[in-house]
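# Observations on chain architecture
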Amino acid sequence: MNLIQSGQVEAYLHLLKRTLAFALWDDPLLPVESAKYRSASWLKRSFVKILEMVSNLGGFTLAIRAIASETDIDEGKVWRAYPDTMIGLRRLENIQSCVETALAENIPGDLIETGAWRGGACIFMRGILLAHGETGRKVYVADSFAGLPPPDEEKHPADKGDQHHTLDFLAVDLETVKNNFRRYGLLDDQVVFLKGWFEDTLPIAPIDALAVLRLDGDMYGSTMDALTALYPKLSPGGFCIVDDYALEGCRCAVDDFRKDHHITSPLQTIDWTGRFWRKEGASIH
Ligand SMILES: C[S@@+](CC[C@H](N)C(=O)[O-])C[C@H]1O[C@@H](n2cnc3c(N)ncnc32)[C@H](O)[C@@H]1O
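Residues numbered from 1 in each chain as written. Predicted model: local features only at pLDDT ≥ 70, side-chain atom pairs only at ≥ 80, totals over all residues.

### Thoughts on the overall build of the protein
A count of helices and strands for the protein gives 9 helices and 9 strands. Taking 2.2 N^0.38 as the reference for a compact globule, 285 residues should give roughly 19 Å; the C-alpha atoms of the protein span a radius of gyration of 19 Å, in line with that estimate. Overall size of the protein, expressed as C-alpha extent along the three principal axes, is 55 × 50 × 30 Å. Within the protein, the proportion of its 285 residues that are buried is 40%. Expressed as a percentage of contacts within the protein between residues at least 6 apart in sequence, the contacts between residues at least 24 apart total 75%. (Helix = DSSP H or I, 4+ residues; strand = E, 2+ residues; numbered from the N terminus. Rg over C-alpha atoms; globule rule 2.2 N^0.38 Å. Buried ≥ 20, exposed ≤ 12 C-beta atoms within 10 Å, placed from the backbone. Contact = placed C-beta atoms within 7 Å.)

### Thoughts on the site of the ligand
Contacts to the ligand come from 23 residues, most closely from Thr85, Gly115, Trp117, Ala121 and Ser222. If you list the elements that add at least two residues to the shell around the ligand, you get α5 (120-131) and α8 (220-230). When its residues are assigned to classes, the shell around the ligand shows 11 nonpolar, 7 polar and 5 charged. (Near = placed C-beta within 6 Å. Nonpolar A, V, L, I, M, F, W, Y, C, P; charged D, E, K, R; others polar.)

### As for helix α9 (residues 248-260)
Between the first and last C-alpha of α9 there are 18 Å, a value that for 13 residues agrees with the 18 Å anticipated at 1.5 Å per step. Every buried residue of α9 is listed here: Gly249, Cys250, Ala253 and Val254. Taken end-on, α9 shows its buried residues confined to a sector of 130°, consistent with a single buried face. Counted as exposed and oriented over 90 degrees from the buried face of α9: Asp255 and Lys259. Where α9 is buried, its residues contact α8 and β7 (234-242). The positive-phi residue at the C-terminal boundary of α9 is His262, with phi of around 55°. (Expected span 1.5 Å × (residues − 1). Arc of directions from axis to C-beta.)

### Observations regarding the domain arrangement of the protein
The domain architecture assigned to the protein consists of domain 1 (29-65) and domain 2 (88-278). Taken over C-alpha atoms, the centre of domain 1 sits 29 Å from the centre of domain 2. (Domains from an automatic or database assignment.)

### So, the pairing of strand β5 (residues 191-195)
Two strands pair when backbone bridges link them, and strand β4 (residues 139-143) and β5 are joined in this way by 5 bridges, in the parallel orientation. Each bridged residue has a counterpart across the sheet, and for Asp143 the counterpart in β5 is Lys195. A crossover connection joins β4 to the parallel β5 through helix α6 (residues 174-183); in handedness this β-α-β unit is right-handed. (Pairing = 2+ DSSP bridges. Right-handed = clockwise from strand over helix to strand, strands pointing away.)

Put into structure tokens, the structure is as follows:
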């Protein structure tokens, strides 16, 4: 008996979401590096840098106690040590809603996330396909598996000064991500890894059509490269999900792309940073 027959789809996906988001347990210590991100204050970042230098010299790792509220965790507002995805429960629920709608309405195509980190959102996509007995669609996992690229300021002036590429916390190697899929029993030939910079891998990705395109590359260039290569492959009725609308670079890329391609389908709010829209009409080839 499969999950659909036994009526256990929702129970499995409920548990999978909470496990991936590490929402079932109390938060342990947070890597000290995380204090450099979105914490803005120059003083705090300098202090963390000194602490890092001391810990490197001493050969130990520093950690701080997480001060995240339940809402922060639900909405993926803070970086934490253990989750396999940093996007929080609201954005996981949005993935579930988009994928399940695409399945129910027979929107043709595969699923992709551009920017996978530890793989959690993609693991969840694969879990949704499994729960619904869907064997004909693939989950594409696109990432450098080495963190973000340094900004290409000539090509994308909006990325000038972007510091994401300096953050080791964002670099998770391919074997680790594969192992994460394996731990959930979800590594199989319905999962395809696209390793490398988006500007190289996405234009030649062996994808015919997409039902869900999830963008999580943080920067202007990473967002624009993904939209340019993949939006034409998104089926009418398919979902384009944006993880990083709160980040200026990503927001500008999304706004520029929607304006340039006359996309008027409303941008819907998921949480403080997540947005999505549904592709209307004919493809924009
Ligand atoms: C914020 S993390 C993604 C979080 C992930 N979606 C999750 O569920 O937790 C951003 C990821 O995008 C990748 N990335 C960003 N820009 C990229 C680019 N231009 N090419 C390849 N990978 C990129 C980074 O390596 C990193 O793993």
